[in-house]
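Secondary and tertiary structure notes
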Amino acid sequence: MSISTLRGIVSRVMPTRKPHATPVTATRVDYAKIAATAEEKAAAFQHPKGKNTARERLNMLLDADSFVEIGQFAGGNPATGFLGAAVVTGFGEIAGRQVAVYAQDFSVRGGTLGRAEGQKILALMDKALAMKIPIISMLDSGGARIQEGVIALSQYGRIFKKTCEASGLIPQISMILGPSAGGAVYAPALTDFIIMTKENSHMFVTGPEVVKAVTGENVSMNELGGGELHNFQSGVAHYLADDEVDAIDYVRSLLSYLPSNCDELPPSYTYTPSVEDEKAAAEVQALVPEDSRKPYDVVEVIEHLVDYGEFLEISQGFATSIVIGFACINGSAVGIVADQPNHNAGTLDVDASEKAARFVRCCDAYGIPIVTLVDVPGYRPGTEQEQAGIIRRGAKLIYAYANATTPMVTIILRKAYGGAYIVMGSKSIGADFAFAWPDAEIAVMGAEGAVNILHRREIKAAGPNEKDMNQARQRLADEYQANVINPALSVEEGELDGIIDPVLTRQTIAESLEILRTKDRSHPGPKRHSNGPL
Ligand code: HXC
């Protein structure tokens, strides 16, 4: 159904425009006046707190004049002073593409969710599923409406279930623009992306009052569930916006890389090759130090390889040893996963594994090709990581890549050691094509560790003098470095499709993706679903 058709339907049910459709009541209700009063009340409530009203937010998010509200007065009862439900629902356009939207209205009973709000949101979600369009939610709510008890809780249950039903079928993006309290945080947690703002945005399962009562801990709203916490520590959120305008800007950008549903091809744009992009791509090698232990910023590398240097990073502040985000190559959207040598030498830890795994799953769900840039010394070793569950949580990344059927191209920029080499989009785990730069180091482990295991007796025999033993160790390490740590074996074994001149990295990625454009993504074998390490 097009927006204009819908607009027709909406205007047909608007009693002020078609008097015969007015419900039969003793006194005729002036709905236009009610709407104006509600918005005035909302503005008076929100503006002093530096927050916009639900309708203002929707108008900022959507293309000009594209918002069509549905169920505007549902759940209201003018006789009791409630002018509508605590959520505004409808449809609109973002960059000309249809989306379903809902925005909670904190000025009505703290934006809480009861029967009417649940019905409105669920009806909207049903329509979005039928139309196969993304859902964007703007949350600002005290959670389940206490007075409605189990009715409110069950509505959350239904929203959770429908969010799961929609997951992977249509993109779902949550913007937290006020409190998101109680079990209500799980509705956004089940969506693809969560955007928070620096001020006024909070997510917690139990608020400060409950925490104090139960544990005696005195904690502020920000400490418990502020935007910084969820972007830098917990990893719950994917972007920390300066304010509502910035949050909206990010969501519009994010959507420009996502198809409207899993059956659509990812977005592509007209791209005219530019001298700037060619120059940037040619400079990429200079950004990566030869010494494989020296750090560098892989984001700069990414920006040199993608169209117009535009990279939309996701979860920038969390698990910083890995970088994820969207960009375009020759006009087509791609997801990028890259080790970040600038942070913890780019090692894979529990958080980095989960961050990348979720992103790979997201790209795969929506058919967005994945480009993996590898420079990884391995999984991070030590008791801290083992206790944190690196086996269970690291397995998520293997699971994500191994099950992905979207086109995947991997470039090994510098080093790729051990399990981390396999996990980071190797051919054996499922990449369609993999290439390496000429000086790439690929091996089970680095030279130092390897000679201590392989040549323990030989090194000991060179002793007892420590200096002689060190000399023997160095000689053996040099031999290992020259003979084992290079991409030759990988090329001979077919684990790499080629050694490429770094200057040709962008071109190689672009050509590979072009070849993979018609890749068959059908899954083999019938089963209900696999049982991965969730
Ligand atoms: C009913 C609520 C409410 C709620 C807020 N209000 N939360 N009404 N049910 N859950 C009402 C307030 O009474 C107030 O009404 C109005 O909303 C605005 O709230 P204030 O407290 O004045 O606003 P503020 O100071 O900004 O604080 C906002 C808040 C706080 C942080 C959200 O209200 C709060 O902590 N609320 C409870 C949050 C919570 O614990 N929710 C969990 C619910 S259980 P008046 O009439 O005075 O304007 C849940 C489980 C879901 O969500 C389960 C899913 C499985």
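Residues take numbers from 1 onward in each chain, read along the sequence in its written order. Local features in this predicted model are restricted to residues whose pLDDT is 70 or higher, and side-chain atom pairs enter the listing and the counts only when it is 80 or higher, whereas totals over whole chains, interfaces and linings include all residues. Hydrogen atoms and water are omitted, and side-chain values are computed over all heavy atoms in the structure.

Things to note about the nonpolar core
To form a nonpolar core, buried Ala, Val, Leu, Ile, Met, Phe, Trp, Tyr and Cys residues must be joined to one another through side-chain atoms within 4.5 Å. For the exposure calls, accessible area comes from a 1.4 Å probe over protein chains only, and a residue counts as buried if that area is under 20% of its type's maximum, exposed if over 50%, partly exposed in between. Grouped together as the largest cluster of nonpolar side chains are 68 residues, with contacts concentrated most on Ile136, Ile195, Leu254, Phe326 and Val337. Starting at the N terminus, helices and strands are each numbered in turn, a helix being any DSSP run of H or I of at least four residues and a strand any DSSP run of E of at least two. If one sorts the elements of this core by residue count, helix H13 (residues 350–365) sits on top with seven residues. Within the second largest apolar cluster, 28 residues are counted, among which are Leu305, Ala327, Val371 and Val409.

Observations regarding helix H12 (residues 298–305)
Counting buried positions over the eight residues of H12 gives six, a clear majority of the element. For H12, the complete set of buried residues consists of Val298, Val299, Val301, Ile302, His304 and Leu305. Distance and chemistry together define a polar contact, namely a pair of N or O atoms within 3.5 Å, with one atom able to donate a hydrogen and the other to accept it when in protein, and with adjacent residues in sequence counting only for side-chain atoms on both sides. Where H12 starts, the residue carrying a side-chain oxygen 3.0 Å from the main-chain nitrogen of Val299 turns out to be Asp297.

Considerations on helix H2 (residues 31–46)
If you check H2, its first and last C-alpha atoms are 22 Å apart, about what 16 residues at 1.5 Å a residue would give, namely 22 Å. Among the residues making up H2, those that are buried are Tyr31, Ile34, Ala38, Ala42, Ala43 and Gln46. Projected onto a plane normal to the axis of H2, the buried residues spread over an arc of 165° and lie on a single side. Set apart from the buried face of H2 by more than 90 degrees, the exposed residues are Lys33, Glu40 and Ala44. At the N-terminal end of H2, a side-chain oxygen is found 3.3 Å from the backbone nitrogen of Ala32, two or three residues along, and the residue is Asp30. Here the expected span of a helix is defined as 1.5 Å times the quantity of residues minus one. An arc is given here, and it is the one of the directions from the helix axis to the C-beta atoms.

Topic: the site of the ligand
Whether a residue is near a molecule or strand is decided by its heavy atoms; if any one of them lies within 4 Å of it, the residue is near. Around the ligand sit 19 residues in total, of which Gly110, Gly142, Ala144, Ile146 and Gln147 are the nearest. Residue Gly142 places a main-chain N or O atom 2.8 Å away from a nitrogen atom belonging to the ligand. Ile146 places a polar main-chain atom, nitrogen or oxygen, 3.0 Å from a nitrogen atom of the ligand. Protein contact buries 54% of the 1000 Å² of open area that the ligand shows by itself. Within the residue set of the shell around the ligand, elements represented by two or more residues are helix H5 (149–166) and strand S5 (172–181). The greatest single-element share of the shell around the ligand, amounting to three residues, is contributed by H5. Only the protein chains shown count as cover for residues, and the accessible areas themselves come from Shrake-Rupley with a 1.4 Å probe.

Re a nonpolar patch on the surface
Patch definition: residues with relative accessible area over 30% and no salt bridge; like charges joined within 9 Å; nonpolar side chains (Val, Leu, Ile, Met, Phe, Trp, Tyr) joined within 5 Å. We count a salt bridge whenever a side-chain nitrogen from Lys or Arg sits within 4 Å of a carboxyl oxygen from Asp or Glu. A grouping of Val444, Met445, Ile453 and Leu454 is seen on the molecular surface, where their side chains present a nonpolar patch of about 410 Å² in accessible area. Structurally, the position occupied by Val444 is in the loop between strand S15 (441–443) and helix H17 (447–454).

Quick look at the packing of aromatic side chains
Aromatic pairing here means that ring centres of Phe, Tyr or Trp (its six-membered ring) are within 6.5 Å. Orientation follows from the plane angle: under 30 degrees is stacked, over 60 is edge-to-face, and everything else is tilted. Under the definition given, this model contains eight aromatic pairs. Relative to Phe326, the ring of Phe193 lies with its centre 6.3 Å away and its plane at 75°, an arrangement referred to as edge-to-face. With a gap of 133 residues between them, Phe193 in strand S6 (residues 193–197) and Phe326 in strand S10 (residues 322–329) connect regions that are remote in the sequence. Judged by relative accessible area, which is 3%, Phe193 ranks as buried. Summarising the aromatic geometry, the rings of Tyr257 and Phe326 are spaced 5.8 Å apart at their centres and angled 15° between planes, so their arrangement reads as stacked. Here Phe326 lies in strand S10 and Tyr257 lies in the loop between helix H10 (244–255) and helix H11 (275–282), a separation of 69 residues in the sequence.

Some points on the environment of Gln285
Note on placement: Gln285 falls in the loop between H11 and H12. The exposure class of Gln285 is partly exposed, given its relative accessible area of 41%. Separated by 128 residues in sequence, Gln285 and Leu413 have C-alpha atoms that sit 8.8 Å apart. Beyond its immediate stretch of four places on either side in the chain, Gln285 contacts Trp437 and Pro502. Contacts: residue pairs with any heavy atoms within 4.5 Å of one another.

Overview of the side chain of Asp246
Structurally, Asp246 can be placed in helix H10. Despite being buried, Asp246 has no salt bridge partner; Lys198 is the closest side chain of opposite charge, sitting 6.7 Å away. At a separation of 3.0 Å, a polar atom in the side chain of Asp246 contacts the side chain of Tyr239. In this structure, Asp246 is in contact with Tyr239, Leu240 and Ala241, ignoring residues within four places of it in sequence. Asp and Glu count as negative and Lys and Arg as positive, but His and the ends of the chain are not part of the count.

Focus: the pairing of strand S4 (residues 135–141)
Two faces, one strand: in a regular strand the side chains alternate between the faces of the sheet. Buried residues dominate S4, accounting for seven of its seven residues. Burial along S4 is two-sided: the residues Ile135, Ser137, Leu139 and Ser141 and Ile136, Met138 and Asp140 are all buried. With strands facing away from the observer, any crossover in which the path from the first strand over the helix to the second runs clockwise is taken as right-handed. Each parallel crossover has a hand, and for strand S3 (residues 97–104) linked through helix H4 (residues 115–131) to S4 it is right-handed. Pairing between two strands requires that DSSP report at least two bridges joining them. Bridging between S4 and S5 involves six bridges; their strand directions are parallel. Looking at the pairing, Ser137 lines up with Ser174 of S5. Considered for its hand, the β-α-β crossover made up of S4, H5 and S5 is right-handed.

Considerations on the pattern of salt bridges
In total, this model carries 27 salt bridges according to the counting rule given. Two residues, Arg252 and Asp63, come together in a salt bridge whose shortest N-O distance is 3.0 Å. Placement of Arg252 in helix H10 and of Asp63 in the loop between helix H3 (54–61) and strand S1 (68–70) is noted, with a sequence separation of 189 residues between them. Close ionic contact of Lys162 with Asp126 constitutes a salt bridge, the shortest N to O distance being 2.9 Å. With Lys162 in helix H5 and Asp126 in helix H4, the pair connects residues that are 36 residues apart, well separated along the chain.

A few points about the confidence of the model for the protein chain
Each residue gets a pLDDT score, which is the predictor's confidence in that residue and runs from 0 to 100. For the protein chain, the mean per-residue pLDDT works out to 92, and 94% of the residues sit at or above 70. Segment residues 1–19 is flagged for pLDDT under 50; beyond a separation of four residues in sequence, or across chains, it makes 32 contacts in the model.

Description of the state of the cysteines
Counting rule for disulfides: a pair of cysteine sulfur atoms within 2.5 Å. If you walk through the whole model with that rule in mind, you get zero disulfides. The structure places no disulfide on Cys363, whose sulfur is separated from the nearest cysteine sulfur, that of Cys362, by 5.6 Å.

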